[in-house]
Every structure is written in C-alpha cells, then in structure tokens.
Amino acid sequence: MPALAASEIERVFREEYGRAVAVLVRVFGDIDLAEEAVQDAFTTAVQRWPATGLPPSPAGWIITTARNRAIDRLRRESSRDDRHAQAALLHARDEPPNEQVEAGVVNDDRLRLIFTCCHPALSTSVQVALTLRLLGGLTTAEIASAFMVPEATMAQRLVRAKGKIRDAGIPYRVPNQKDLPGRLGAVQSVIYLIFNEGYTASSGDRLVREDLCAEAMRLGRLLANLMPDEPEVMGLLALMLLIESRRAARTTPSGELVLLADQDRSLWDRAFIAEGQDLVRRCLRRNQPGPYQIQAAINAVHSDALVASATDWWQILQLYNQLLELTPSPVVALNRAVAVAEVEGPDAGLTLADGLDLGGYRLFHAIRADLLRRLGRSDEAALAYEAALSRTENAAERDFLQRSRDALL
Amino acid sequence: MKQYLLSVYSPEGGTPPTEVLDKIMRDVDLLNQELKAKGAWVFAGGLHPSSTATVVQLRDNDMLVTDGPFVEGKEHIGGFWVIKAADLDAALEWGRKATRACTVPIEVRPFQEDVEV
C-alpha cells in the first residue's frame, strides 16, 4: 500500500472539515461538540490513515468516527446528570449512522450552517470569522492573523458568537423563500469580504491572505453548487474567478503593483478566465441581472482583451450605467467615471469624478491623479498623488503611487 | 420551546399625540390577540415613565433607596412582552411586528430557561 502523504490528509481536512462539522451540528444541535468530535476524528485519521491508506469515503469515515466519539462523550456526561448532554443525545436519537446517507445529505447541512454563521443577529466581523472557522476549518490563530487581531480577541469573539447561537436559538436552517433574498445577500457579502480581505492584502501575513482568496472561492463554489438557481450566486463566483485570474500579473516578482493596463496578459490564468466567462454567459441567459453578475461581466470584458488597447470600453461603460442604476453609490460612480474617461476622454472622466464626495477614499485621489496626469496638469496631479499616499497603508500601493508621482517631475 | 423578552425602548419624556397613541394602542392590542391565537403569548405589560421608578440596593450593609431609574438615558424600557418561540427567527418575526406596532425599537433577548410546549 502506498504511503499516504501528510499533504493528502491536509487536503481531506480542508475539503471535508466543514462538511463533517455541518453534519454533526445537525445531528447533535451543538457547535462545540461538533467541532471537538470532528477534530478528534481527524486526529485519529492522522494516526491511522498513513498505515491503512485513505478509506473509500474519507468524508463518511470522518463523520462516522466523529459521531461515535460524540455519542461516547455524551453517554459519559449524561450519566453524570448533564442536561446539555442528555438534550444532545435525545437530538441524535433518530439519526441512522449510515455513511452513504451522510455523504448524500451533507450538502444541505453545509448550506444550513452557512446561513447560521451569516445570521443577521451576528455582526459582520463575527459572521466572517464563524464562516472561516466552521466551514473553512481555519484555526482561530489563522483567522486572527488574517484580520490582524490578537488571537485571544478572536478566540473570545468566536466563543461569544457560538454562545449567542446556542442561547438565543439561532436556527440551523435555510431561510424560507420570503427571507431568502436578504439572507442570501448576507452570505454573499461575507464570502466577498473574505475574498477582498485576501485580495487587497492591506498588510499582514501574505500567505494567509492568499489562502483567504482560495477559501472564499471554495465557499463561492460550494454556494453555487448548492444554489444553482440563483444567478447572483453564480455571478459572485464568476467575479472572484475573473479577478483571481490576474493575480500573477498584478504584482512584479519583487512585489510592485502593476495596473490592469500595464499587466503582462500572458500571465493571466486562462482556466479561471474560461470558467468565469462561461459562468457570466450562463448568468446573462437568465436575464435577472444583479450587482455581482454585472461586476463579473465588466471583468469578463477586460479578460476578452488580449492587449489593453483592445478593451471594449464602450461595453464596460454600458455595464457601469446598469450597475449604477442598481446600486447607486459614489464608489460605483467613480468606477464609471474611469470608463467615461476611456470612452470620451480624461476631461469628461475628471468632471464626473470631481463631482463625487469621496475625499476620504484613497482610490478617488489615485484616479484623479491619473486623469490629471493624462491631461498634463502635473502640479495638480502631484497633489492628488500626495492625497492618495496619505490614505494608503498597503506597501505595494504606496510604492506605486510614489513612483507615479516621481515620474511627474 | 424557548422564551424571549421583547423590550420596548421608548424615548424619554413626551408622550405622542393622542391620535398617534390611539393607533399604537390599537396595533399593540391586535398583536396581543395574534400572540394569544398562535400560542406565543406568555405575558406583556406597559410601564409608567421612568420618572416613576425607584431603585433599591444594598451598599455596605445599608439598604439604599433612590429616586429615578437605575441608568439615566435617552431611552427607557416602556413595556415588554414575554413570548414563546421555537427559535430566534420566530422571535425576531414577533419583534418585527412589535416594532411596527409600537413604532420604537424592540430588543429581543432569550431567557435562560426553556418551557414545555
């Protein structure tokens, strides 16, 4: 029997942790118990699988092992008159321990758990942390490091959140049709927040941050598989794929930021682009446009251009018009101004940008600086670069702004 | 079944005009009937203004009695419901109805003890 690499067990852990926790939460109605039992099962797997090889259904093995561990523990505790343990055992009473059944229904369990983690009664930062912990299997230390808070703070945040789910009775349930649009919106913004946190990499451990992007895409893919009839869910996945496709081109090997127009497009990930564009096309056929789909479509147009000069800015402008109508925000209006500058000239773009109340937003100043530079108004451009610099913490972005400002002189 | 406290947070001072208050009372009454009809009702009541409140507390073995509410604030609990609900989603649904009826914010908070259905 071939030796089983540790990386293989790690892969199973990444893929199946959320699944296993979700099933155990359904069976026992208790998140802490579920997490402990699943971690126990993986500990056993690490000891056993290198000798036995992977079981036919690793997920089923983990779930069955975890369930047995949990029941053993509950029996010990309920014999000591522990009411929680008795309740959890009662909860589990009618569940048939069947690996095949479990592997089949788990999808629904993960969907339930995502909606629990992203319940509006929890704050957004807590929703993000819980989703990464329970569905992504990230450790508290990893989540703390990704969001630059002390581990103890993150641990306390998670304990409180799980306490609220238990004590306030936040249900494990996919919301009914009436509440679904709003609740699904919360799930999507949590996934996109995780993605953006990884993508923007404002600071902190770079590797952990790239993991966040991968995790967000994994969750986005899961959601798309679980809710194939929701075009915005597909739009979100497409958007993440298309943005992520440009990762390698986005910075130089030494970490300097490269703007979209200057990127080496041969570095773009063609597989991500193909998948993203295919999803965009499938969304468009539904004809139920939403903000994620439109943003994905804008990125798909960029991906179509083999060189920057071939970009179909007119089509991008039409998409921004549509996006602005759906989500009238100054940030969308600013992005639209960039498209206007490409179609009608930097003057028209600048006029629009100047009308926006975005003085605190670093990209507002960076975009103004670029438009002023193109109009030959170097002094004003230099001031705008300064304004952008004073609002930017990310090292790569700062470096880019400094280089652009110095090039004016 | 879980139980939840629905606290009504009313702004301090100034009762609304009669016609507004009348509508609130009618809507609250309707909500109470619905709560009873659906088996969610446990108890409810409206409170006099916080200026009528008195605090008693033990300090260094002295029983201290003071005039006014325990916490000074712009809002005070003007009334409350105790309801039975299967989970927080069901309780929040009652909370939404309550805030529509009362026209002020409602805080939904779980009791430690569950009850028999």
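One can find the structure itself at the top, above this paragraph.
Reading the values: rules and limits
Residues numbered from 1 in each chain as written. Chains lettered and ligands numbered in written order. Predicted model: local features only at pLDDT ≥ 70, side-chain atom pairs only at ≥ 80, totals over all residues. Helix = DSSP H or I, 4+ residues; strand = E, 2+ residues; numbered from the N terminus. Contact = placed C-beta atoms within 7 Å. Core = buried A, V, L, I, M, F, W, Y, C linked by C-beta atoms within 7 Å. Buried ≥ 20, exposed ≤ 12 C-beta atoms within 10 Å, placed from the backbone. Nonpolar A, V, L, I, M, F, W, Y, C, P; charged D, E, K, R; others polar. Axes fitted to C-alpha atoms, helices over the stretch in contact; angles between N-to-C directions. Parallel < 35°, antiparallel > 145°, perpendicular 65-115°, else oblique. Left-handed = near helix turned anticlockwise from the far one by under 90°. Bend = angle between axes of the 7 residues up to and from the residue. Pairing = 2+ DSSP bridges.

Colleague: Provide a residue-level description of the overall build of chain B, including the pertinent values.
Modeller: Check the secondary structure of chain B and you find 2 helices and 6 strands. In sequence order, the secondary structure elements of chain B are arranged as β-α-β-β-β-β-α-β. Taking as baseline every contact in chain B between residues at least 6 positions apart, the subset at least 24 positions apart corresponds to 76%.

Colleague: Account for the nonpolar core, naming residues and giving values.
Modeller: Nonpolar side chains in soluble globular proteins generally cluster together in the buried interior. Residue and element names in this part refer to chain A. If you look at the biggest cluster of nonpolar residues, it comprises 122 residues, and the most contacted ones within it are Leu24, Val38 and Ala238. The element contributing the most residues to this core is helix 11 (residues 231–244), with 10 residues. In contact with Ala238, other than residues within four places in its own chain, are Gly276, Leu279, Val280, Cys283 and Ala296.

Colleague: Account for the interface of chain A and chain B, naming residues and giving values.
Modeller: Taken together, the 6 residues of chain A in the interface contact 5 residues of chain B. The residue makeup of the side of chain A that touches chain B, split by class, is 4 nonpolar, 1 polar and 1 charged.

Colleague: Quick one: what's the story with unusual backbone geometry, residue by residue and with numbers?
Modeller: If you check the backbone angles, Asn287 of chain A has positive phi at about 55° while not being a glycine. You can see Asn287 of chain A is positioned in the loop between helix 13 (270–286) and helix 14 (291–304). Asn287 of chain A gets classed as exposed once you count the C-beta atoms within 10 Å, which come to 7. Of note in the backbone geometry, Asp60 of chain B takes a positive phi value of approximately 50° without being a glycine. Among the structural elements, Asp60 of chain B can be located in the loop between strand 3 (54–59) and strand 4 (62–67).

Colleague: I'd love a proper account of the packing of helix 19 (residues 378–389) of chain A against helix 20 (residues 395–408) of chain A, names of residues and values included.
Modeller: A pair of packed helices is characterised by two quantities: the angle between their axes and the separation of those axes. All names here are of chain A. Where helix 19 contacts helix 20, the axes come no closer than 9 Å and their chain directions differ by 165°. Comparing the axis directions of helix 19 and helix 20 gives the class roughly antiparallel. Seen from above, helix 19 lies across helix 20 with left-handed handedness. Across from Ser378, Ala381, Ala382, Tyr385, Ala388 and Leu389 in helix 19, the residues of helix 20 making contact are Arg398, Leu401, Gln402, Ser404, Arg405 and Leu408. Of the residues belonging to the contact of helix 19 with helix 20, the class tally is 7 nonpolar, 3 polar and 2 charged.

Colleague: Describe helix 1 (residues 6–28) of chain A, listing the residues and the values that go with them.
Modeller: A maximum bend of about 50° is found in helix 1 of chain A at Glu16 of chain A. One or two steps after helix 1 of chain A, the chain reaches Gly29 of chain A, where phi turns positive at roughly 65°.

Colleague: Break down the sheet that holds strand 1 (residues 2–11) of chain B for me, citing the residues and quoting the values.
Modeller: All names here are of chain B. Here we have 4 strands laid out as an open sheet, ordered 2-5-1-6, and antiparallel in their pairing. Pairing within the sheet leaves two strands with one partner each, and these edge strands are strand 2 (41–46) and strand 6 (106–110). Here the strands of the sheet are splayed against their neighbours by 20° on average, with no regard to which way each runs.

Colleague: So, the pairing of strand 6 of chain B: which residues are in play, and what are the values?
Modeller: Regular strands place side chains that alternate from one sheet face to the opposite one. Residues and elements named next belong to chain B. Alternating positions in strand 6 separate cleanly, Ile106, Val108 and Pro110 being buried on one face and Glu107 and Arg109 remaining unburied on the opposite face. Pairing between strand 1 and strand 6: 5 bridges, direction antiparallel. Bridge pairing in strand 6 places Leu5 opposite Arg109.

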